[in-house]
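Read off the chains here:
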Amino acid sequence: MRVLPAGKGMALAELDDLPQTLGLLASLQAEPLEGVSEIVPGARTLLISFDAHRHSLQSLAAELSRRPLVMPQAEHGTLVEIPVYYDGEDLYAIAALLNISPDDVVRRHTGTDWFVAFSGFAPGFAYLTGGDALLRQVARLKSPRTSVPPGAVALAGGFSAVYPKASPGGWQILGQTPLAMWDLNRDPPALLQPGHRVRFVDAGQRPAKLQKPPAPLPLPAAPDLKGPALAIRHPGLQALLQDLGRPGQARHGVSASGAMVPSALRAANRLVGNCTDTACIEVAQGGFEVQSQGDTVVAVTGAAGPLTLTAADGRSWHVARYAPLALNDGDRLQFGEPEGGVRSYLALRGGFHRMPVMGSLSFDTLAQIGPAPLAAGEVLAGRAQQTLSAVGDPTTPQADLPRPGELVTLDVLLGPRTDWFTREAVDLLGTQEWAVTPQSNRVGLRLQGAEPLERAVMSELPSEGTALGAIQVPANGQPVLFLADHPLTGGYPVIGCIAPWHLDLTGQIPVGARIRFNVVAGFDPVSLPHRTE
């Protein structure tokens, strides 16, 4: 076993194969290790989030090395049967690759049980291991499709899976199932859970018109409350409800998401007397305008820029950020373009009366989970104000927020896959400037450098967990810095991770800025022999 650094408080435990990985996961689930908060399994790794005050990388590795690596028996798991119309566009190509008939491919796919090893890529996407040994030779497509239909049943890299929704994908498609893999009205939402057994069933010829599964029931709406509210007049580029996210949902394939700048969200809530994890409106750039219905108290933090209050009688004046602000009925608050930073946070005293999704009001733009982006005309009712604290004193805004064209320095901790790159690439990471491209969003900052980062290991990386702040390097050598809505797992190596004290800063870096990475911790993995006694 190797235990690799993956950022402060994060480690990637690398094992020889999937059975060992599932064995260690089963041990940590049966007897949790104190100080470990979340585990994201991969094909032969576990991404472990741990309390850095309780464990060092070395002490964590020592604890892991004492654990048995006994894979759970698949026959003990709950059995889920999945009907499949075996008419996928890659069925004949798979048959030719394996030198068998298409009918034999179907018989082999349905002839043995599969086992849910772990979830990732997208909510409800389960990696299924086991099955027929010959089918495990099927590799990913050389060029992934831009869109795979929901319910597509596929093979790749020794696994089988069902795509829960339409998405890009490089797996080879055998057919399609009408079953819904992900449904928020179901508890739990994911049909397939780690430990389940799966048996695919040949459903015969597809009907002339494939009957769609019944549409999920709409999520319950908040009751129509009488009282103060905020009406959205203009949402600007993007306005989302965000809180501190939904950590602990890795078993469903769901990442934490949440506010891009948690410190600004907490500050806004303190100013209006809320609990610091209460949901706020996260506003990207400017152009956002909101109107008070009834008397409300709000506060705006985050990016630096003009904030204009227009009273019901038409009078306008500038108001301060990082201070509580009383709005009368009909008052309007307009956000100008930021002079520094990207994202602002608007807190309402008492919070917003919306129904949480999986315990959070955050909208995950990648997984499409949570209350939808705010639209013009939408009214956000406030919660009843019962046990609130007094409003806070005005505070000092963050200084020197980055602007387009400026150079931003971010501290970096190397790992977990630094040794997949040449020494020259590791040096280049910290010496070259990287431009933030327009393709950047809440998923990640897409960067462009004059010279790409070259890999020393050219083989395909099995899917493994990715952390907030990870600097993942695709085949083109141009890094992607993962932000709040990053995928739970990824298939490209991560050369380093942003230091936690600079994570909030990354959420305020605008398109057009330049980044220089300052390496503050080297790559120092721990290799230990494993003991099973």
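Quick caveat, the model's predicted, so the values are computed rather than measured. Sequence order as written defines residue numbering, which begins from 1 separately in each chain. The model is predicted, so local features are restricted to residues of pLDDT at least 70 and side-chain atom pairs to those at 80 or more, both for listing and for counting; the totals for chains, interfaces and linings are taken over all residues. The side-chain quantities take in all heavy atoms of the structure and omit both hydrogens and water.

Participant: Any chance you could break down the pairing of strand β32 (residues 494–498) for me, citing the residues and the numbers?
Facilitator: A 1.4 Å probe rolled over the protein chains alone gives each residue an accessible area, and that area as a share of the maximum for its type sets the label: buried under 20%, exposed over 50%, partly exposed in between. For the purposes of this entry, the term helix denotes a DSSP run of H or I that reaches at least four residues, the term strand denotes a run of E that reaches at least two, and both are numbered from the N terminus. The element β32 is largely enclosed, with a buried count of five among its five residues. Pairing analysis gives three bridges linking strand β25 (residues 407–414) to β32, with the strands arranged antiparallel. Bridging across to β32, L413 finds its partner in C497. Here the rule is simple: two strands pair whenever DSSP picks up at least two bridges between them. Where strand β29 (residues 470–472) meets β32, three bridges bridge the pair, whose relative direction is antiparallel. Residue pairing across strands places Q472 opposite V494, the latter belonging to β32.

Participant: I'd like a description of the pairing of strand β14 (residues 229–235), backed by residues and values.
Facilitator: Here six bridges tie β14 to strand β17 (residues 288–293), and the two strands are oriented antiparallel to one another. Across the sheet, residue A231 finds its bridge partner in β17, namely Q291. Relative to strand β24 (residues 379–381), β14 runs antiparallel, the two sharing three bridges. Within β24, the residue paired with L230 across the bridge is L380.

Participant: Please provide a residue-by-residue account of helix α2 (residues 57–65), values included.
Facilitator: Along α2, the residues that are buried comprise L57, L60, A61, L64 and S65. The arc enclosing the buried residues of α2, seen along the axis, measures out at 135°, which places them on a common side. Between two residues, a contact is recorded if the distance between any of their heavy atoms is within 4.5 Å. Next to the buried residues of α2 lie β1 (2–5), β2 (10–14), α1 (18–30), β3 (36–41), β4 (45–50) and β34 (526–527). The directions considered for the arc are those from the helix axis to the C-beta atoms.

Participant: I'd like a rundown of the pattern of salt bridges, residues and numbers included.
Facilitator: We define a salt bridge as a contact between a side-chain nitrogen of Lys or Arg and a carboxyl oxygen of Asp or Glu at a distance within 4 Å. Taken as a whole, this structure holds 25 salt bridges when the rule is applied. Notably, a salt bridge pairs E34 with R54, separated by 3.4 Å at the nearest N-O pair. Of the two residues, E34 is situated in the loop between α1 and β3 and R54 in the loop between β4 and α2; the sequence distance between them amounts to 20 residues. E34 sits in the exposed class, given a relative accessible area of 56%.

Participant: If you had to explain the sheet that holds β25 to someone new, which residues and values would you point to?
Facilitator: Around the barrel, seven strands lie side by side as β25-β32-β29-β30-β27-β26-β33; this closed barrel has mixed pairing. With strand direction ignored, the average angle separating the axes of adjacent strands in the sheet is 40°. Both β29 and strand β30 (residues 480–482) contribute to a ladder of two bridges, which runs antiparallel. Across the sheet, the residue bridging to I471 is L481, located in β30. Helix axes are fitted only over the stretch in contact, all axes being lines through C-alpha atoms; the angle between N-to-C directions runs from 0 to 180 degrees. Helix-sheet contacts for helix α6 (residues 423–431) involve β25, β26 (434–436), β32 and β33 (514–521), and the interaxial angle to β33 is about 120°.

Participant: Tell me about unusual backbone geometry, and name the residues and values.
Facilitator: Note that the residue after D187, namely P188, is joined by a cis bond; omega there is 0°. Structurally, P188 can be placed in the loop between β12 (172–176) and β13 (197–202). In this structure, P416 follows G415 across a cis peptide bond, with omega equal to 5°. Relative to the assigned elements, P416 resides in the loop between β25 and α6. Phi at D400 takes a positive value of approximately 60°, unusual for a residue other than glycine. By secondary structure assignment, the location of D400 is in the loop between β24 and β25. Judged by relative accessible area, D400 falls into the exposed class, the value being 77%.

Participant: Break down the packing of aromatic side chains for me, with residues and values.
Facilitator: Centres within 6.5 Å make a pair out of two Phe, Tyr or Trp rings, where for Trp the six-membered ring is used; the pair is then stacked when the planes are under 30 degrees apart, edge-to-face when over 60, and tilted otherwise. Following the criterion strictly, the structure yields 11 aromatic pairs and no others. For the ring pair F125 and Y127, a centre distance of 5.2 Å and an interplane angle of 70° mean the geometry is edge-to-face. For F125, a relative accessible area of 1% translates into the label buried. Here F125 and W171 contribute two aromatic rings whose centre-to-centre distance is 5.4 Å and whose plane-to-plane angle is 90°, an arrangement assigned as edge-to-face. With F125 in the loop between β6 (114–119) and β7 (126–130) and W171 in the loop between β11 (167–169) and β12, this residue pair connects regions lying 46 residues apart in the sequence. One aromatic cluster in this structure is built from F118, F121, F125, Y127, F159, Y163 and W171.

Participant: Please set out a negative patch on the surface residue by residue, giving values where relevant.
Facilitator: Together, E424, D427, E451 and E454 line one region of the surface with negative charge. One can find E424 in helix α6. Of the residues examined, E424 reaches a relative accessible area of 59% and is grouped as exposed. Without a salt bridge and with relative accessible area above 30%, a residue can belong to a patch; like charges are then joined within 9 Å and nonpolar side chains (Val, Leu, Ile, Met, Phe, Trp, Tyr) within 5 Å. Note on areas: Shrake-Rupley with a 1.4 Å probe; residue coverage comes only from the protein chains shown. The charge count includes Lys and Arg as positive and Asp and Glu as negative, but it does not include His or the ends of the chains. A charge is said to be at NZ when it belongs to Lys, at CZ for Arg, at CG for Asp and at CD for Glu.

Participant: Now, about the sheet that holds strand β18 (residues 296–304): what can you tell me, with residues and values included?
Facilitator: Strand order in the open sheet made by the five strands is β15-β16-β23-β18-β21, with antiparallel pairing throughout. In this open sheet, the two strands that pair with only one neighbour each are β15 (238–242) and β21 (325–327). Each neighbouring strand pair of the sheet contributes to a mean axis angle of 30°, computed without reference to strand direction. Sheet topology note: the strand β16 (residues 280–284)/strand β23 (residues 340–348) ladder contains four bridges and is antiparallel. Paired with E282 across the two strands is Y345, which belongs to β23. Sitting on the sheet, helix α5 (residues 262–272) touches β15, β16, β18 and β23, and the angle it makes with β18 is about 155°.

Coordinates in, geometry out; function isn't part of it.
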